[in-house]
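Notes for the structure review
The chain contents come next:
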Amino acid sequence: MTEAQNKSGARYCPICENWMDDEVCPTDQVPTIRREILEEQSNFIPEGTILGGRYEIKRLIGVGGMGAVYLGNQTNIHRRVAIKTLKKELMSNERLLKRFYREARAAAALDHPNIVKVYDFGLDSEQGCPYIAMEYLEGQSLEQVLTENGPLTEAAIIHVASAIARALTDAHNQETVHRDLKP
């Protein structure tokens, strides 16, 4: 248990890093996390699980260093979504937990055609994991395109790089540093 976890309170706010008994931090207005959830170590969420009362997990799409991304269904409006979660083994790392929440807030404030839209973020009390629900994009990864078609033409590279640059310019103009570029 970290030094911060020795402090009083049964729940932790990853933004202000305070322990409290409130389910929602009165300062930051984000869901707080139960102490016992921070100590659990299971990783993946089973298919059919409902997160946040409205996002059904359909299947695992990918796994990264910090978490997993699932294909989901927003049950109240039947919209396909991508759901990013933080690995439970990392939830005891207060710095990473705070970064996850900040990423969700920052990404939700961005609105650009070349940046995935964030619809919602929260904490699922049953699974004990924070999640970000976002626009689900179908298509191929850059790796798949290169494998199937070979190297990109100079015009294609310029087109892709320009789209990325426009998105980053928009994010930077809103004082957001976007650190999660995906090909």
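Residues numbered from 1 in each chain as written. Predicted model: local features only at pLDDT ≥ 70, side-chain atom pairs only at ≥ 80, totals over all residues. Heavy atoms only, no water.

Now for the pattern of salt bridges. A side chain of one charge can pair with a side chain of the opposite charge when the charged atoms of the two come close. What the rule picks out here adds up to four salt bridges. The partner of Arg-54 in a salt bridge is Asp-120, and the shortest N-O contact between them spans 2.4 Å. Taken together, the residues span a long stretch of sequence, with Arg-54 in the loop between β4 (50-51) and β5 (55-63) and Asp-120 in strand β8 (residues 118-124) at a distance of 66 residues. Overall, the relative accessible area of 27% leaves Arg-54 in the partly exposed class. On the basis of relative accessibility, which here comes to 16%, the residue Asp-120 falls in the buried class. One salt bridge connects Glu-138 with Arg-80, and the closest N-O pair in it is separated by 3.6 Å. Taken together, the positions of Glu-138 in the loop between β9 (129-135) and α3 (142-149) and Arg-80 in strand β7 (residues 79-86) put the pair 58 residues apart, joining distant regions of the chain. Classification of Arg-80 as partly exposed rests on a relative accessible area of 44%. (Salt bridge = Lys/Arg side-chain N within 4 Å of Asp/Glu carboxyl O. Helix = DSSP H or I, 4+ residues; strand = E, 2+ residues; numbered from the N terminus. Buried < 20%, exposed > 50% of the residue type's maximum accessible area, 1.4 Å probe, protein only.)

What follows covers the layout of surface pockets. Rolling a probe over the atoms, with the probe sized like a water molecule, indicates the empty space that remains. Volume-wise, the second largest pocket comes out at about 160 Å³. Lining the second largest pocket are Arg-11, Glu-23, Val-24, Gln-29, Val-30, Pro-31, Thr-32, Arg-34, Leu-123 and Ser-125. Residues belonging to the lining of the second largest pocket are distributed by class as follows: four nonpolar, three polar and three charged. (1 Å grid on protein atoms, 1.4 Å probe; cavity = no way out; pocket = protein on both sides within 12 Å on 5 of 7 lines; lining within 4 Å. Points joined across faces, edges and corners; volume = space filled by probe spheres on them. Nonpolar A, V, L, I, M, F, W, Y, C, P; charged D, E, K, R; others polar.)

The side chains of a regular strand alternate, first on one face of the sheet and then on the other. Here two bridges tie β4 to β5, and the two strands are oriented antiparallel to one another. When the sheet's bridge partners are listed, Ile-50 is paired in β5 with Glu-56. In sequence, β4 turns back onto β5 through a hairpin of three residues, with Gly-52 there showing a positive phi of about 60°. Linking two consecutive strands that pair antiparallel, namely β5 and strand β6 (residues 67-74), is a turn of three residues. (Pairing = 2+ DSSP bridges.)

One pair of aromatic rings is described through two measures. These are the centre distance and the angle between the planes. This model, assessed by the stated rule, comprises three aromatic pairs. Measuring from centroid to centroid gives 6.1 Å for Tyr-101 and Phe-121, while their planes differ by 90°, and the two rings are edge-to-face. Of this pair, Tyr-101 sits in helix α2 (residues 94-108) while Phe-121 sits in strand β8; the two residues are 20 residues apart in sequence, bridging distant segments of the chain. A cation over an aromatic ring shows up here: Arg-79 above the ring of Tyr-119, its NZ or CZ 3.6 Å from the ring centre. (Phe/Tyr/Trp six-rings, centres within 6.5 Å; stacked < 30°, edge-to-face > 60°. Lys NZ or Arg CZ within 6 Å of the ring centre and 35° of its normal.)

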